[in-house]
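Residue-level structural notes
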Amino acid sequence: MKSHAGVRIKITLLTTGFVFFLLVLTMFASNTVMIFAINHGWITAQPGGHMIPFLFQNGIISIIIGTALSFFMSHLPLRPLHALIRAIHEVSAGNYNVKIHLEHPKELQELSECFNQMTEELAGIEMFRSDFINNFSHEFKTPIVSILGFARLLKSQKLDTSQSQEYLDIIIDESRRLSELSATILNLSKIESLTLLKDKSVYSLSEQIRESILLLESKWARKNIDFDIDMEEVTIRAEDSLLKQVWMNLLDNAIKFSPSKGRIAITLRSNEMGAIFTVKDQGAGMDAKTQTYIFDKFYQGDASHHMEGNGLGLPLVKKILELHQGTVSVKSGKGNGSIFIVKIPLGRKVVEHEKNYDCRGQ
């Protein structure tokens, strides 16, 4: 409120100053014209003569000069506004690359910087929206086309029992994939709409991670994967159902990309800053480009989609950790496996954040 009041005061002072300057300039200009006209005999001004014609002439000249000055000078302060209006029309037409450069006064310079930042963010959002729609369409279209194709083959009734069973299994798998994709997208949308966590509780983080490993037993047992687990007993204050999704997604990825008879190393440590969790696999690893985009929605390092997945697990992990004031990062190299590192406060900093949280999320 104080900043808004300060802006109003500045605008009032600027307006008053502009009007005062315009009046003074009009007075000097009209007097100069009158003196020039009197010296050249265009206007008669005799001492002791009638003042009404003189005042009338002076008034006419002042009105003409004042009107002309107002017309020309009003365009000077309004030029930045015209530039801003043109830029806004460009943005409304879909051109998010437009930029404005207003230098004076300081407020207009700040307006220019804010506008340019806004257009950059809008351009990024538009690019993200386009990529999201393309990827979303691909992820949904592929199983639907597959289900449709195999359903038509089954309808032809020219297949033996083994082929029918094979096609039915494919339809079931693709249907399950669609169902999981829909559920994941709904879950991610719900989590992205959150700004504060209201259902936090104090519980054992170590026990939650061990439970997540057991829930994935069918997957790692199928590949004969061993675990090297080194965890301290850590207690945390968090939203347990959300945080459990973090460990499930990271462990599931490690299992998925690990080779048969591979080993996954898990560590959990705590210090004054919070808990540090790491999971290391012996998979093929990732190049630098994949590491850059791995937390973007629908991005998959495996462009062939050979590995099962939809590219939504890691964005979900990142968002949940951001809600808990935590972070996730990755270290990897081609042929060297991957290490995912999670850092999360144990509760004290989260409580402080809630007390200091304002409507802008700062």
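Quick caveat, the model's predicted, so the values are computed rather than measured. (Residues numbered from 1 in each chain as written. Predicted model: local features only at pLDDT ≥ 70, side-chain atom pairs only at ≥ 80, totals over all residues. Heavy atoms only, no water.)

1. Some points on the sheet that holds strand β5 (residues 274–280)
With mixed pairing, the five strands of this open sheet are ordered in space as β2-β4-β5-β7-β6. Because the sheet does not close on itself, it has two edges, and the strands there are β2 (226–231) and β6 (327–332). Across this sheet, the average inter-strand angle for adjacent strands is 15°, counted without regard to direction. Where β5 lies against strand β7 (residues 338–344), six bridges are found, and the strand directions are antiparallel. Note that in β7 the partner of K280 across the bridge is I339. Helix α7 (residues 240–257) rests against β2, β4 (263–271), β5 and β7 of the sheet, and its axis sits at about 25° to β5. (Pairing = 2+ DSSP bridges. Helix = DSSP H or I, 4+ residues; strand = E, 2+ residues; numbered from the N terminus. Axes fitted to C-alpha atoms, helices over the stretch in contact; angles between N-to-C directions. Contact = heavy atoms within 4.5 Å.)

2. Points about the packing of α7 against helix α9 (residues 313–323)
Two elements in contact, α7 and α9, have axes whose closest approach is 9 Å; the angle formed by their N-to-C orientations is 145°. The handedness of the crossing between α7 and α9 comes out as left-handed. Of the residues in α9, those in contact with L242, L243, Q245, V246, N249, L250 and N253 of α7 are G313, L314, L316, V317, I320 and L321. Grouping the amino acids of the contact of α7 with α9 by side-chain chemistry returns nine nonpolar, four polar and no charged. (Left-handed = near helix turned anticlockwise from the far one by under 90°. Nonpolar A, V, L, I, M, F, W, Y, C, P; charged D, E, K, R; others polar.)

3. Focus: the confidence of the model for the protein chain
Model confidence for the protein chain is summarised by a mean pLDDT of 76, while 69% of its residues fall at 70 or above. Predicted confidence in the protein chain is weakest over helix α10 (residues 348–356), with a mean pLDDT of 42, and strongest over β5, with 93. Segment residues 349–362 is flagged for pLDDT under 50; beyond a separation of four residues in sequence, or across chains, it makes 14 contacts in the model. (pLDDT = per-residue confidence, 0-100.)

4. What to know about the environment of T235
By the secondary structure assignment, T235 is in strand β3 (residues 235–238). Taking C-alpha positions, T235 is 4.5 Å from S204, a pair spaced 31 residues apart along the chain. Filtering out sequence-adjacent residues up to four positions away, T235 remains in contact with V202, Y203, S204, L205 and L346.

5. Side note on helix α5 (residues 205–215)
Along α5, the residues that are buried comprise L205, S206, Q208, I209, S212 and I213. Each buried residue of α5 sits inside an arc of 165° when the element is viewed along its axis, so together they form one side. Where α5 begins, one side-chain oxygen reaches toward the backbone nitrogen of E207, 3.1 Å away; that side chain belongs to S204. (Buried < 20%, exposed > 50% of the residue type's maximum accessible area, 1.4 Å probe, protein only. Arc of directions from axis to C-beta. Polar contact = N/O pair within 3.5 Å; in protein donor to acceptor, adjacent residues only side chain to side chain.)

6. Regarding the pattern of salt bridges
Any two side chains of opposite charge can pair if their charged atoms end up close together. Inspection of every chain in the model, using the stated rule, returns five salt bridges. Measuring nitrogen to oxygen at the nearest pair gives 3.3 Å for the salt bridge that ties R210 to E207. Taken together, the residues R210 and E207, both in helix α5 and three residues apart, mark about one turn of the helix. Residue class for E207 comes out partly exposed when judged on its relative accessible area of 42%. The shortest N-O distance in the salt bridge between E211 and K244 comes to 2.9 Å. Taken together, the residues E211 in helix α5 and K244 in helix α7 connect sequence positions 33 residues apart. A relative accessible area of 37% places E211 in the partly exposed class. For K244, a relative accessible area of 23% gives the class partly exposed. Through salt bridges that share partners, E207, R210 and E233 make up one connected network. (Salt bridge = Lys/Arg side-chain N within 4 Å of Asp/Glu carboxyl O.)

7. Regarding unusual backbone geometry
Even without being a glycine, N224 presents a positive backbone phi close to 55°. Relative to the elements of secondary structure, N224 occurs in the loop between α6 (217–222) and β2. With phi around 60°, K261 is a residue other than glycine that occupies positive phi space. Take K261: it is sitting in the loop between α7 and β4. For K261, a relative accessible area of 68% gives the class exposed.

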